[in-house]
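Listed below, chain by chain, are the residues.
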Amino acid sequence: QLLGNQDHIKVELEKLKKTHDEQQQKLEERVLALGKELQEAKGAIGDSRHRLAEQSAVLLTSQGQLQEVEAENSRLQLRLKELNEEYRCRLAQHVRDVANYMDSKPSGVTGHSKAPAGQAAMKNFVDSMLRDIRASYKSREEQLARAARGYKKRMKDLAKKHENLLIAYGLQREQMRSLGSSAVDCGPAELHFSITDPELLTNSSRELNRLREEKAKLEMQLQEQQKGLDVRSGHDPNELLCRRQLDEEGWAEVRKKLREFTLNTQEDLEQERSQLLTRAVVAEEQVSELQGYIDQHLAR
């Protein structure tokens, strides 16, 4: 029976071979397509990383230029304020001198009935005008002070949002390092994007920057140790597994320190913020009282 069905078996074998070849060809085409997509994805990632580096360099340069321009602008505003104050004092003194001269000038009207009525009329008018000018300047200064306080508040809010973005960026880097391979580029460390302006740094920001600096040093040490283990072990799977476990333990220790710092300092920062708000309210009340005292007594 086997000898009689030999032709049928050969036909079936040919069909199976043809089916196998077709499936093999489809599989190879699929593998080639996936490889091409992988290369394109790697190229896109490289281009994006290159553009990100360029934008980071441009951003750093722009930030440096912005700080220089802001410093120059502050200096010019201070100089303008000094010149305005000097000009105001000179102008007020000149107006007073003119008023005194006009009041002291003998009147051409004869008789004693009209002399007292015209005496010191110019001085009273000048005093009234100067009071109006001082009131307008005071209103403008209060407006500028409110604008400055609003600007500082917005800068602090932006710094807080920036700090939150840095924290989220650090968490994403840790997730990429824990899930991806060691060859994946997770981007620069958080310390590279930290705020360095002393006016915007708080105690918590300084402490976080110090922890980020220590974390960056630990990352460099881990990378050096990893390279040394690669050279010595020759990519032994067991040693690679041990090394990965050590890396995970190191990252877990870093995350634990960050959590402990956040929990320990959050309450202190909230208390400090409430105290600062109270002091700010008291200081504003004292400033308003002093300004009122100056307006009422010092001019007199």
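See the structure shown above.
Please read all numbers here as calculations on a predicted model, not as lab measurements. (Residues numbered from 1 in each chain as written. Predicted model: local features only at pLDDT ≥ 70, side-chain atom pairs only at ≥ 80, totals over all residues. Heavy atoms only, no water.)

Draft legend 1. Main features of the overall build of the protein chain. What the protein chain contains, in helices and strands, is five helices and zero strands. Counting across all 300 residues of the protein chain, residues that qualify as buried make up 11%. Looking at the protein chain alone, contacts between residues at least 24 apart form 60% of all its contacts between residues at least 6 apart. Here the protein chain has roughly 24800 Å² of accessible surface; of this, 57% comes from carbon and sulfur atoms. (Helix = DSSP H or I, 4+ residues; strand = E, 2+ residues; numbered from the N terminus. Buried < 20%, exposed > 50% of the residue type's maximum accessible area, 1.4 Å probe, protein only. Contact = heavy atoms within 4.5 Å. Areas by Shrake-Rupley, 256 points an atom, 1.4 Å probe, with all protein chains shown as cover.)

Draft legend 2. Molecular detail of the pattern of salt bridges. By the definition in use, this model includes six salt bridges. Between Arg88 and Glu85 there is a salt bridge, with the nearest N and O atoms lying 3.5 Å from each other. Pair noted here: Arg88 and Glu85 are both in helix 1 (residues 6-104), with a separation of three residues, about one helical turn. We classify Arg88 as partly exposed; its relative accessible area is 24%. In this structure, Arg90 and Glu86 form a salt bridge, with 2.6 Å as the shortest nitrogen-oxygen distance. (Salt bridge = Lys/Arg side-chain N within 4 Å of Asp/Glu carboxyl O.)

Draft legend 3. Representation of the packing of aromatic side chains. With the rule as written, the count across this model stands at zero aromatic pairs. Looking at Arg88, its charged tip hangs above the ring of Tyr137, at a distance of 3.8 Å from the centre. (Phe/Tyr/Trp six-rings, centres within 6.5 Å; stacked < 30°, edge-to-face > 60°. Lys NZ or Arg CZ within 6 Å of the ring centre and 35° of its normal.)

Draft legend 4. Up close: helix 3 (residues 121-179). Under the 1.5 Å per step criterion, the end-to-end length of helix 3 is 87 Å for 59 residues, consistent within 8% with the ideal 87 Å. Regarding helix 3, the residues found buried are Val126, Leu130, Ala159, Glu163, Leu166, Gly170, Arg173 and Glu174. (Expected span 1.5 Å × (residues − 1).)

Draft legend 5. Here's a closer look at the side chain of Ser56. Tracing the backbone through its elements, the reader meets Ser56 in helix 1. Judged by relative accessible area, which is 13%, Ser56 ranks as buried. A distance of 2.8 Å separates a polar side-chain atom of Ser56 from the backbone oxygen of Leu52. (Polar contact = N/O pair within 3.5 Å; in protein donor to acceptor, adjacent residues only side chain to side chain.)

Draft legend 6. Molecular detail of helix 1. For helix 1, built from 99 residues, the straight-helix expectation of 147 Å at 1.5 Å per residue is met to within 8% by its first-to-last C-alpha distance of 142 Å. Where helix 1 is concerned, the buried positions are Ser56, Ala92 and Ala99. Considering only its buried residues, helix 1 is in contact with helix 3.

Draft legend 7. Geometry of the packing of helix 1 against helix 3. Helix 3 packs onto helix 1 with a crossing angle of 170° between their chain directions and a minimal axis gap of 9 Å. The orientation of helix 1 with respect to helix 3, classified from their angle, is roughly antiparallel. Where helix 1 crosses over helix 3, the two elements pack in a sense that is left-handed. Side by side, helix 1 and helix 3 meet where Glu70, Arg88, Ala92, Val95, Arg96, Ala99, Asn100, Met102 and Asp103 of the first sit next to Ala121, Met122, Lys123, Val126, Met129, Leu130, Arg134, Tyr137, Glu141 and Tyr151 of the second. Broken down by class, the residue content of the contact of helix 1 with helix 3 amounts to 11 nonpolar, one polar and seven charged. (Axes fitted to C-alpha atoms, helices over the stretch in contact; angles between N-to-C directions. Parallel < 35°, antiparallel > 145°, perpendicular 65-115°, else oblique. Left-handed = near helix turned anticlockwise from the far one by under 90°. Nonpolar A, V, L, I, M, F, W, Y, C, P; charged D, E, K, R; others polar.)

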